[in-house]
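Chain residues, written in single-letter form:
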Amino acid sequence: MSAASLSDPDDLGRRLLARLRPGRRDWMTAGLTLALIGVAGGVSALLLTLTGASPSASLAAIWTGSLANTTGWTTTLLNTAPLLLVAVGACVCASAGTFNIGQEGQVLIGGLAGAWVGLRLAMPGPMLVAVVLVAAAVGGAAWAALSALMLRFRGVNVPVSTLLMTFLAIQLVTFAVSTPWVLQESVQGAGDIADAQSNALPAHAQLAGFGHYPSLQLNTGLFLALVATVAVALLLSRSRWGFKVRMVGLNPRTAQHAGVRVAALGGLTLALSGAFAGLAGGLLLTSPVSTNRLQAGLSDNVGWDGLLVALVARNRPMAAIPVSFVFAVLRAGGDFLSATGVPSYLVDIVKALLVLAFVAPPVLVDLFHGRRGATPRAAPAVSVVPAKTEAAA
Amino acid sequence: MSVLDSTSTILASGVRLTVPLAFAACGEYLAERAGAMNISVEAMMLSAAFTSVATASATGSATVGLMAGVLTGLVVGFVHGNLSHRAQINTFVVGLVLNALVLGLTSYLITTEQFASHQVGVLSIPLLEDIPLIGKPLFSERWPAYLLILLVPLTWWLVERSRWGLELRAVGENPQAADVTGIKVNARRRQALLWCGALAGLGGAYLAVGEVGSFNQNMTAGRGYLVIAAVIFGAWRLGRTMLGCLVFGLSDAMRLALPALGVTLNAQLLVAAPYLLALLAMLLFTTQHREPAALGRPFERGST
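Residues numbered from 1 in each chain as written. Chains lettered and ligands numbered in written order. Predicted model: local features only at pLDDT ≥ 70, side-chain atom pairs only at ≥ 80, totals over all residues.

Caption draft 1: Spotlight on the overall build of chain B. If you tally the helices and strands in chain B, you get twelve helices and two strands. Secondary structure elements of chain B occur, N-terminal to C-terminal, as α-α-α-α-β-α-β-α-α-α-α-α-α-α. For chain B, whose C-alpha radius of gyration is 19 Å, the value lies close to the compact-globule estimate of 19 Å for 304 residues. Viewed in the frame of its principal axes, chain B has a C-alpha envelope of about 65 × 45 × 35 Å. For chain B, long-range pairs separated by at least 24 residues make up 78% of all intrachain contacts whose partners lie at least 6 apart in sequence. (Helix = DSSP H or I, 4+ residues; strand = E, 2+ residues; numbered from the N terminus. Rg over C-alpha atoms; globule rule 2.2 N^0.38 Å. Contact = placed C-beta atoms within 7 Å.)

What follows is the structure in structure tokens.
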């Protein structure tokens, strides 16, 4: 898109200056986003009214389930951490122009790796938690790295391979928890039937929580996720490595010319995003309120939702913090909503409409105002790099 | 039950599981040949399944329901086409959002509304249905299934023999060159998505008012992704794509039937097989340049 501009220093400087102050385009984007959020709210309210439910009561139920009391806050904050981790991972590889959509599978594989280590290794107290979380991150990274390898050596499309790998991950975890010699729970009595789940992790493999019911409980996972987010945001915006990553994302050819190892960096960011998703799976596994067992339903759409969070945050890690909180509110509120008789699927509709409201405005503004690429160009872009890097991009 | 009978039963169930996949795969095949990689085929099938049941319930006619399903698929294809090939939003993002939206919407509506059950009729072909083993599976089906006999060759003719199809393939292989010769690249892709939507809609509607007669939550259960796997497995050739659908349908039928026959086989492996096969196919085919060169890449005039 900004192919010509990066190689032309004058144009680049002009553009950077223009970027610093919000222009007409930014105001239009913001206005359009707000309008579309309004439309999303209106559509949801209309749907509720048409099906005989009350929009205000539903909104109140979401509020009650998520933010009205300390129990709600505890659940919401507990939901925020894994969503934020998945989203931050998605931001990293999106910055490098790689689109990973297999987080749901990477979360599950993270859980699988964490459960495997947690159940097989005998280790004292807090060390075990750390080892489980590291194993989970490594598991998720390895699963995503497979897609990176397929891209590097066979040129397989990343979104497609990560998507297909998700379905493999679901079956792999189902297999693991329903096969006695892998991870299925052991039964006590002779007549008991083993469920499709693993044994519970030892009690000391639980993440510490601060504060106890009924007061507010803060969990270590949230701090972990926040620290990771700030670290990634700083790395991407301030470090030399982050500059390379963004360069690869904006224009792989220019990056190649500047001496960046495009394929390696793209693969690394893909593995990193898998690591974050895997870590989210580890958090779900070791969370103080979960059953601490591996089940096929462990991920519970956290991977998909985290990806949507990154889309709403327009791939900016710091923006993912409030967005993941909003999504966590919707998740927590949705559970409470179903208790009032309105199907919790409502919040899924709201989530999808929210994503549209945030994804559409920038491109729509571009469409109405002529594309960024339509500004004068130095010369028609000529392909200077052999086709091989094209495939890697 | 004799071995012959049980084989025939498994075959019949395999064919029934194949038909919705085959309809949708025809559409997805055409869209991918135009370079439009749409994962919203799941949304097309699921929304069509829902509206077909809702319309059949309202009008009392399963056939009208079927047509409503086709129309719904068309609408989803229209929306996807305009978002990703006019507004240029990333096609995977559009697909994910549409899938999530349709899943949420249909799940919500099926829990709040009640629908009467309607099903299209079975059409048995005299004489042919008496052939042992394959007679019942192939020649005693719900009538829309026979539309495949018409639609598969039609899709093939459209892509391989018509002028429109030639332009589609040009758009899928080299959009820049196609653009220079005066073909409207994004318009062709949007048209391809309409065909894809209509056929995926037919597949979804067939599943609902054809096979099952009702709608349940997340009825397609990832069949849309299976269709994508079939097109990849078929190396972007229509015949092999249809073969892929048949393989996936039969393996699904095996998974359902084997426990009853007392055979223990790994169920997870059978569920995972299509995706595994598709991944292996991709590993093999990409270096042979089987996939449309511009698959999944947005086209914008002036960019490379």
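Okay, back to it.
Caption draft 2: Expanded view of the overall build of chain A. Within chain A, the regular secondary structure consists of 16 helices and two strands. Within chain A, buried positions represent 49% of all 393 residues. Within chain A, counting contacts between residues at least 6 apart in sequence, those at least 24 apart form 75% of the total. (Buried ≥ 20, exposed ≤ 12 C-beta atoms within 10 Å, placed from the backbone.)

Caption draft 3: Highlighting the nonpolar core. The biggest cluster of nonpolar side chains holds 210 residues, and the ones touching the most others in it are Val86(A), Ala87(A), Ala25(B) and Ala49(B). Setting aside residues no more than four positions away along its own chain, Ala87(A) makes contact with Gly306(A), Val309(A), Ala310(A), Ala313(A), Ala320(A) and Ser324(A). (Core = buried A, V, L, I, M, F, W, Y, C linked by C-beta atoms within 7 Å.)

Caption draft 4: Quick look at unusual backbone geometry. Residue and element names in this part refer to chain B. At Gln88, a position not held by glycine, the phi torsion is positive, near 65°. Secondary-structure assignment places Gln88 in the loop between α3 (62–85) and α4 (91–112). Positive phi values are uncommon outside glycine, yet Ala235 reaches one of about 55°. Examined against the element boundaries, Ala235 turns out to sit in the loop between α10 (223–233) and α11 (238–261). Exposure remark for Ala235: the 16 C-beta atoms within 10 Å place this residue in the partly exposed category.

Caption draft 5: Representation of the environment of Leu194(B). You can see Leu194(B) is positioned in helix α9 (residues 185–212). In this structure, Leu194(B) is in contact with Leu74(B), Gly77(B), Phe78(B) and Gly81(B), ignoring residues within four places of it in sequence.

Caption draft 6: Spatial organisation of the interface of chain A and chain B. The partner chain B presents 37 residues to the 41 residues of chain A that form the contact. Going through the elements one at a time, α7 (125–154), α8 (158–177), α13 (302–312) and α15 (345–369) of chain A are the ones with two or more residues in the side of chain A that touches chain B. No other element matches the 14 residues that α15(A) contributes to the side of chain A that touches chain B. Considered class by class, the residues forming the side of chain A that touches chain B number 29 nonpolar, eight polar and four charged. (Nonpolar A, V, L, I, M, F, W, Y, C, P; charged D, E, K, R; others polar.)

Caption draft 7: Seen up close, the environment of Arg120(A). Tracing the backbone shows Arg120(A) in helix α6 (residues 103–120). Residues Arg120(A) and Phe358(A), 238 residues apart in the sequence, show an inter-C-alpha distance of 44 Å.

Caption draft 8: Up close: helix α12 (residues 267–285) of chain B. Over its 19 residues, α12(B) runs 28 Å from end to end, which matches the ideal 27 Å to within 8%, given 1.5 Å per residue. In α12(B), a bend of some 45° at Ala273(B) exceeds every other bend along the element, and Pro274(B), a proline, comes one to four places later. The set of residues buried in α12(B) consists of Val271(B), Ala272(B), Ala273(B), Pro274(B), Tyr275(B), Ala278(B), Leu279(B), Ala281(B) and Met282(B). Buried positions along α12(B) lie against α8 of chain A together with α10 and α11 of chain B. (Expected span 1.5 Å × (residues − 1). Bend = angle between axes of the 7 residues up to and from the residue.)

Caption draft 9: Local environment of the packing of α6(A) against α8(A). Residue and element names in this part refer to chain A. Relative to each other, α6 and α8 sit at 30°, their axes nearing to 8 Å. When the interaxial angle is binned, α6 and α8 end up roughly parallel. For the element pair α6 and α8, the recorded crossing hand is left-handed. Of α8, the residues touching α6 (which contributes Glu104, Gly105, Leu108, Ile109 and Leu112) are Met165, Thr166, Ala169, Ile170, Val173 and Ala176. Classifying every residue of the contact of α6 with α8 gives eight nonpolar, two polar and one charged. (Axes fitted to C-alpha atoms, helices over the stretch in contact; angles between N-to-C directions. Parallel < 35°, antiparallel > 145°, perpendicular 65-115°, else oblique. Left-handed = near helix turned anticlockwise from the far one by under 90°.)

Caption draft 10: Examining α8(A) more closely. The terminal C-alpha atoms of α8(A) lie 28 Å apart, and with 20 residues this matches the ideal 28 Å at 1.5 Å per residue to within 8%. With 19 of 20 residues buried, α8(A) lies mostly within the body of the structure.

Caption draft 11: View of the packing of α13(A) against helix α14 (residues 317–339) of chain A. All names here are of chain A. Direction vectors running N to C along α13 and α14 enclose 135°, while the axes themselves pass 9 Å from each other. Relative to α14, α13 is oriented oblique. With respect to the hand of their crossing, α13 and α14 are arranged in right-handed fashion. Mapping the contact onto sequence places Asp305, Val309, Ala310 and Val312 in α13 and Ala320, Val323, Ser324 and Phe327 in α14. Here the contact of α13 with α14 is composed, by residue class, of six nonpolar, one polar and one charged.

Caption draft 12: Up close: the environment of Gly140(A). All names here are of chain A. By the secondary structure assignment, Gly140 is in helix α7. Note: C-alpha distance between Gly140 and Glu104 (36 residues apart in sequence) is 10.0 Å. Sequence-distant contacts of Gly140, defined by excluding residues within four places in its chain, comprise Gln106, Val107, Ile109, Gly110, Gly274, Ala275, Ala277, Gly278, Leu279 and Gly281.

As far as function goes, none of this settles anything; it's purely spatial.
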